[in-house]
Every structure is written in C-alpha cells, then in structure tokens.
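# Fold and contact review
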Amino acid sequence: MELYIDDIVIYGKTPQECLEKLMIIFEVAAQYDLKFRWQKCKFLKNKIDFLGHSIENGTILPGKEKVRAIDKFPYPRNLKDVQSFLGLTGYFRKFVSGYAQIASPLTNLLRKNIPFEIGENEKCAIEQLKSKLTKEPVLHLYDRQAETELHTDASMDGFGATLLQRHDNKLHPVFFWSKKTSSVESQQHSYILEVKAAYLALKKFRHYLLGLQFKLVTDCSAFKHTMNKKDLPRSVAQWVMYTQDFTFTVEHRAAVRMKHVDSLSRYPVELLLISSELTSRFQKAQLQDECIRAITVALQTGSYGGFKMKGGLLYKCVKGQELLFTPKLMEFEIIKDAHEKGHFGMQKTMHIIEQQFFIPHLDRKVNKVVNNCVRCIVHNKKLGKKEGMLQVIDKGDTPLCTLHIDHLGPMDATTKKYKYILAMTDAFSKFIWLFPTKTTSTEEVVAKLAVWVDTYGYPQRIISDRGAAFTSKSFEEFCKEGNVEHILITTGVPRGNGQIERSNRTILAVIAKLSADDTTKWFKYVGQVQKAINSSIHSSTKASPFEIIFGTKMNTSMSSRISDILQQEFFERFDEERQKLRNDAKQQIQKAQKQQKQQHDKRCKEATQYVVGDIVAIKRTQFVAGKKLANEYLGPYIVNKVKRNDRYEVVKHGKFEGPGNTSSSADNMKMWKTIEGDDVLLSSGSDDEQDGRL
C-alpha cells in the first residue's frame, strides 16, 4: 500500500491479493470512522494514473495530461515562463538521461546579471526536453528484492547516476539522476569528481539503497582502490566516510561500457546533433568542404581510411571510437567552444574535443586558439624562465656622476613627525646619504638634493622610480637647471634601480634591529647606519665607499653593536644569494639526472636480483696484455654480501684466474649453473636466461 495525503494505492500480484488487502483497509477505516468518496475510487485496474504518472505492469511513465501540457508549452517570454517550464519538466527529470546538461541553457537564464534571451541554444534545449518526455520514456518500479546496481560517472560539466535493477535477466533503469558542476568543481581533478559523483548518488538514492546489498559501478579505477585505503586524501575523506553506511561492492568498468551513464555527466554533444538545426549545419558545411567531399566519393566505392557515413554525416574511426569529421568552416567554433568551457590549456582542450570530434592537425589549431584567447592572455601567469637578460648600467669612471635615489618607509612617526628616509647612492663608489623626511613630496626631495648639490655639485644623471615626487614638474625643473639627465625606470621593473633597492634592504634591516625597543626612535640611528655602511668594505669594489671618494679610510669609532649587526646583515644577504645559487644548481642537477636516467633506462632492463650463496660468474674488468682470446667472465664466485643499487661482494670458489675477493654489479654478473648428477659447474651462456630471477 502507498499513501499520499488522502490518496491510497493498494496493489498486489493477483486480484485475490488486492481484495484481501482492500478488506483490511475497509476494516481499519470503519474503526476510525473514515469515509471514502466512491465516485473517485477505482478497483482492480491494470493501469492507473497517480501523482501525474502512469503506472502499468511494473513500469512507470509520465502522465499523458502532463506530457500534453509539456508538448504544447510555448517558448518562454520571460523568466517566470522559464521557471514554469523547468518546474513542469523537472518533475519528470528522473525519466530524462542528462536532464541537468540538456536544460543548462535555460537554468543559466535564472542567474543574476544574465540578460534574458531565447536563442538557438535555449530553443534546442526546450525541443530536446519535449522530445524526450513525449516519446514515452519507461522506468521500472523499484523492487527491494531485485538485484540492484548503481552506475555513476562524472566530468567537468556534471555528475550523473543511473539506478538499475535486474528483471527477466536484464537490467532496467529505475531512476536517472544528474547535476551540473559548479565553476569551482569544474576545475577539480577527475578523481575527486568521480568520488563526489558516487557520494552524491548514494545521498540521492539513500532511501532506496540503505540496508540493501548492491553493486556500485564506475569507470574510475582509482575509486575502487580508494575504498580499500587506510590513509585517504583529505579532499575525499568525508565522502568516503559517508559511504560506510551502505553495503556494496565496487566494480570498475571501462568508459566504453558506461555510455548510458556517461551522457548524464558529460556535455551531451551527441544530443545536440539530434537538433535538426545543428545537423543541417554540419551536413551543409561538410558538403562545402573539398576534403570531405573527396572522402565521401571514395567511400561510395568501398571502405577508406577508417571513415564511414552515418546519418548523412562523415565520421572518422579513431581507436575504436566514431568521431564526427569537423569541416574547416566549423573547426574554429568547435575548438573555441571546448576551450571556453573552462578556458583550459592546450592538452585539456584537445582531450575535450577528441571525445566527439575529429579535426586534422588538432594540436596546431588548438594552440592557435588558446594563445589568442583574450581572457587567458589577461588572467594567466607567464610561465617558464623570465625573459630578458640583465642590462648593466654604466657606472662611469669617477664618483658622484650617477646618483640612485628612492624613498624608504613609511615607518613609525617620530616626535618630529619624520616617517620616511630619502636614500641616495653613488653608483661608482656605493657611498650612501640618508635624509629623514616627513613626506615623500617633491619639495622635500628637491630641498635635500639642494643640500647635496651645495657640497658635491650637480651629478651627471639621476636614476629613480616613477613616484610622484620624481615625475613632478618641480623635479623636472630642478634637473633642467643643473643640466642633469633624469632616468625613470620602467614600471614593474625594480631591478632598473637595483643599486638603491639592494641598499634599502640593508638599511631597513639594520635600523629595525637597532630600534627594536622603541620603533619611534629610529631617527637617532640614521646617521650611525650611514657612517657604518660608508666605512665598511663593499663586496663589489673590495674597498669602503668613503675610501673610494676621499682616498683615505674613515676615522670612526663605530659601536661594536652596529658593526656586528651590519656584518651579520651582509653575511645573511651573502648566504641568501649563495643558497639561491645552490638551489638553482640543485634543480639543474636533478633535471640533468632525470634526463640521464630516462636515456639510460631506455636501453636497459631490470637487474637480476642475487642473494647470498648464489654461484655466479663475474665479468673480467681488467685488460690482459697479449690475451685477446681470454675469457670474458671469471668464476665461479659465491655471493658473499648484497649491497645497495644492485652491487655485490663475491668470493672465489675454487682455483682459477681472478681475484680472491672482489665486488661486482648485476650488469657484470651472470648465474653459474650446476648440471644435476655432476660436480662440474657451468656458466649460463645467455643473458636472457637471467630474467627468471627478476
């Protein structure tokens, strides 16, 4: 018996069984004074309409009145009409394989900021849903006693599952289910999607499968192994734990045997071809393609190169799969559509296309589309080595010719409101000048430069970034007044002013350590840091900046604390650069080793594994003068010790030429055979006979 609000369905295998159950219902109804409306009651029927469905002989179909309403439904004129149509067809989505993907053009209209438009894709979706629901799709009623299988599949476009049961030694569908992937899910690895498909399907059919022994069938072999793992990947652990509530066995089947469920998860290109509009476009484009016309003519006289005609369209058989031969006029459209599903790279875009279409020289054409995609150009990072070699700036041959300038900060404001440091570095001597400033304005920069000019005169050129202080008209006038060449570095390329950038790192690090107790007192250490750097030997010049400019060493009583911090900073910078060089060298070595291993392993096979006590012959490794016909191998030897990497220590067994104790490797050894019933030991004559020891 099935009860829905005030409707009761009583069923049985025979009329007698139905009548017996009916009497029980009447007795209970009489007990509780329940009344029936007899004009609405039907008895002993082979076919009934219930909740919009037609039920007959163990099968279930959409009700005729509902189907008629779907068939007569006009094209939507607004979002409300779209919602009505999806609500009407969605009620019967379990009858439609791949419902979520077919209806996706319509469901996309319900998103925010999507303009309403019923175009060709939307009309195609409407007609496909009408066609599938008006051709009387048949599902079997669920029987808890029948053998049950759940088939699942996933792709970047969606999840799909089919619940099947065996009747009359044949599997019949009970329920179709599908769901679109989100934008995040579509970017995930196929393994994660396959596990999630199984999880979602079990969740959907929980009331059917809980407490029942059934078989879960998937085309993902990794999922089968996942169920036996103790350590699960974090990304799927929660879903796998959910499956513990069910009793099932996992079976892996190849994708070619899972097409019935694959179409639920994958974007249904085959279903699109059912559209008369798209079919006619392909047929028309194929007729206009000279290459396809020539192949079609050749097929009229017999088979040709794996091509075949099917439904008026030309297909190419590739690895047992029939792929639609795409005419040149539609190649760009197909490639662009596949790429824009997720703006994938070349390999993934090719994989999507190769599931359904055949396009000659596909890699070259996909590469062209991907490399010219505006969104990919704008959003993707530039991979590989950085372009452009380092362009060295001429330092001149005398000090005070080229000046690098930049601002450091902001830092904690001092009592006098100083927040920045204007740093200047002489390119030749590496001498630095540090001027605390309250702002980064042009006025303060020009004022500090004027102080510098009063002592040293105008430099020949100044190099700076494109900060507002250095691009203003006032700064330009200052440079013009002193006939100074002003070089602005390129935006985003700080190495153009690398001289001052390197100094800044040291200056900030030292000042930060000195003022750690009170960061607002950094001002009083600026002069000390300037003096310490200018009196220290620079790694590039091997002399102090002060000595290069003035020709004598600075007479200074620098505190040991500042000296220690500065030396530590220099060492850390040196160690950082050294570590970077070592890491780069390590990566290059590993890359070279990998290539060398690949090349070497192509010419080799797995080494024979010897154990202690094995009797072997070893290869002669030393040249013997005057003995060109000497034996290639010596022996017998007994393996005395097994070392790593297929190396062994061996001991001489008997009296013969060769060392008493030595070492050898598997590629220089072979087994020594004993003839049964004889004491004579013989060496194997064929290396291939060693393979039995692998």
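Now for a description of the structure that goes with this document. Residue positions are counted from 1 within each chain, in the order its sequence is given. In keeping with the model being predicted, local features are shown solely for residues with a pLDDT of at least 70 and side-chain atom pairs are shown and tallied solely at 80 or more, while totals for entire chains, interfaces and linings include all residues. Just so you know, side-chain values use all the structure's heavy atoms and leave hydrogens and water out.

Axis angles are defined between N-to-C directions and span 0 to 180 degrees, where every axis is a line fitted to C-alpha atoms and, for a helix, only to the segment in contact. Secondary structure is summarised from DSSP: a helix means a run of H or I of at least four residues, a strand means a run of E of at least two, and numbering begins at the N terminus for each. In contact at an axis separation of 10 Å, helix α15 (residues 328-339) and helix α17 (residues 362-371) are set at 65 degrees when each is read in the N-to-C sense. Between α15 and α17 lies a crossing whose hand is right-handed. Each of Glu331, Phe332, Ile335, Lys336 and His339 in α15 lies in contact with α17, whose residues at this interface are Leu362, Lys365, Val366, Val369 and Val370. Amino acids outside the nonpolar list (Ala, Val, Leu, Ile, Met, Phe, Trp, Tyr, Cys, Pro) and the charged list (Asp, Glu, Lys, Arg) are all regarded as polar, and Gly is one of them. By residue class, the composition of the contact of α15 with α17 is six nonpolar, one polar and three charged. Helix crossings fall into two classes, left-handed where the near helix is turned counterclockwise from the far one by less than a right angle and right-handed where it is turned clockwise. We call two residues contacting when some pair of their heavy atoms lies within 4.5 Å.

Turning our eyes to something else, we now look at the sheet that holds strand β10 (residues 213-218). Strands in a sheet are paired, the pairing made by backbone hydrogen bonds, and the direction either parallel or antiparallel. Spatially, five strands are ordered β9-β8-β7-β10-β11 in an open sheet, and the strand pairing comes out mixed. The open sheet has two free edges, formed respectively by β9 (170-180) and β11 (247-252), since each of these has just one partner strand. Ignoring strand direction, the axes of neighbouring strands in this sheet form an average angle of 20 degrees. Pairing between strands requires that DSSP locate at least two bridges from one strand to the other. Of the strand pairs in this sheet, strand β7 (residues 148-154) and β10 are connected by three bridges, and their pairing is parallel. Looking at β10, one finds that histidine 151 is bridged to valine 217. Contacts from helix α7 (residues 190-204) reach β7, β8 (158-167), β9 and β10 within the one sheet, and its direction differs from that of β7 by about 140 degrees.

Moving on, we get to the side chain of aspartate 426. Following the sequence through the fold, aspartate 426 ends up in strand β17 (residues 420-426). Accessibility here uses a 1.4 Å probe with only protein chains present; expressed as a share of the type maximum, an area under 20% marks a residue as buried, one over 50% as exposed, and anything in between as partly exposed. In this count, Lys and Arg are taken as positive residues and Asp and Glu as negative ones, while His and the chain termini are left out. Here a salt bridge means any side-chain nitrogen of Lys or Arg lying within 4 Å of a carboxyl oxygen belonging to Asp or Glu. Within the buried set, aspartate 426 has no salt-bridge partner at all; the shortest N-O distance to an opposite charge, 8.0 Å, is to lysine 430. If we ignore the near neighbours within four places in the chain, the residues touching aspartate 426 are Pro399, Leu400, Cys401, Thr402, Leu403, Phe431, Trp433 and Ile549.

Where charged atoms of side chains with opposite charge meet at close range, the side chains can pair. Tallied over the full model, the rule gives 13 salt bridges. One salt bridge in this structure joins lysine 215 and glutamate 149, with 3.8 Å as the shortest N-O distance. Linking lysine 215 in strand β10 with glutamate 149 in strand β7, this pair joins segments that are 66 residues apart in sequence. Among the ionic contacts, a cluster of salt bridges with common partners joins Glu149, Lys215 and Glu251.

For threonine 301, the location among the structural elements is in the loop between α14 (290-299) and β12 (307-310). By the criterion applied in these results, polar contacts are pairs of N or O atoms within 3.5 Å in which, for protein atoms, one can donate a hydrogen and the other can accept it, and in which residues neighboring in sequence qualify only through two side-chain atoms. A polar side-chain atom of threonine 301 sits 2.9 Å from the main-chain carbonyl oxygen of alanine 298.

Attention shifts here to the packing of aromatic side chains. Ring pairs shown here join Phe, Tyr and Trp side chains whose ring centres sit within 6.5 Å, with only the six-membered ring taken for Trp; geometry is labelled stacked below 30 degrees between planes, edge-to-face above 60, and tilted in between. In total, this model carries 22 aromatic pairs according to the counting rule given. Both rings, one in tyrosine 418 and one in phenylalanine 523, keep their centres 5.1 Å apart while their planes meet at 15 degrees; by these two values the pair is stacked. On the criterion of sequence distance, the pair formed by tyrosine 418 in the loop between β16 (402-408) and β17 and phenylalanine 523 in the loop between α22 (498-514) and α23 (526-535) is long-range, its members being 105 residues apart. Classification of tyrosine 418 by relative accessible area gives buried; the value is 18%. Note on tyrosine 610 and tyrosine 648: the rings are 5.5 Å apart at their centroids and 90 degrees apart in plane angle, and the pair reads as edge-to-face. One end of the pair, tyrosine 610, is in the loop between α25 (560-602) and β21 (615-619); the other, tyrosine 648, is in strand β23 (residues 647-652), and 38 residues separate them in sequence. Tyrosine 648 shares its class with tyrosine 610; the two are buried.

The next subject is the environment of leucine 313. Mapped onto the fold, leucine 313 is located in strand β13 (residues 313-318). The exposure class assigned to leucine 313 is buried, which follows from its relative accessible area of 4%. Each C-alpha atom, one on leucine 313 and one on glutamine 283, is 6.1 Å from the other, the two residues being 30 residues apart in sequence.

This paragraph deals with unusual backbone geometry. As a rule of thumb, non-glycine residues mostly have phi less than zero, and peptide bonds are mostly trans rather than cis. Between glycine 409 and the following residue, proline 410, the backbone shows a cis peptide bond with an omega angle of 5 degrees. Tracing the sequence through the fold places proline 410 in the loop between β16 and β17. Along the chain, glycine 635 connects to proline 636 via a cis peptide bond; the corresponding omega equals 10 degrees. Here proline 636 lies in strand β22 (residues 633-642).

Take the sheet that holds strand β18 (residues 432-437) next. What the five strands build is an open sheet, ordered β18-β17-β16-β19-β20; its pairing is mixed. Where the open sheet ends on each side, the last strands, each with one partner, are β18 and β20 (485-488). Averaged over all pairs of adjacent strands, the angle between their axes in this sheet comes to 20 degrees, without regard to strand direction. Looking at chain direction, strand β19 (residues 461-464) and β20 are connected through four bridges and run parallel. Looking at β20, one finds that isoleucine 463 is bridged to isoleucine 487.

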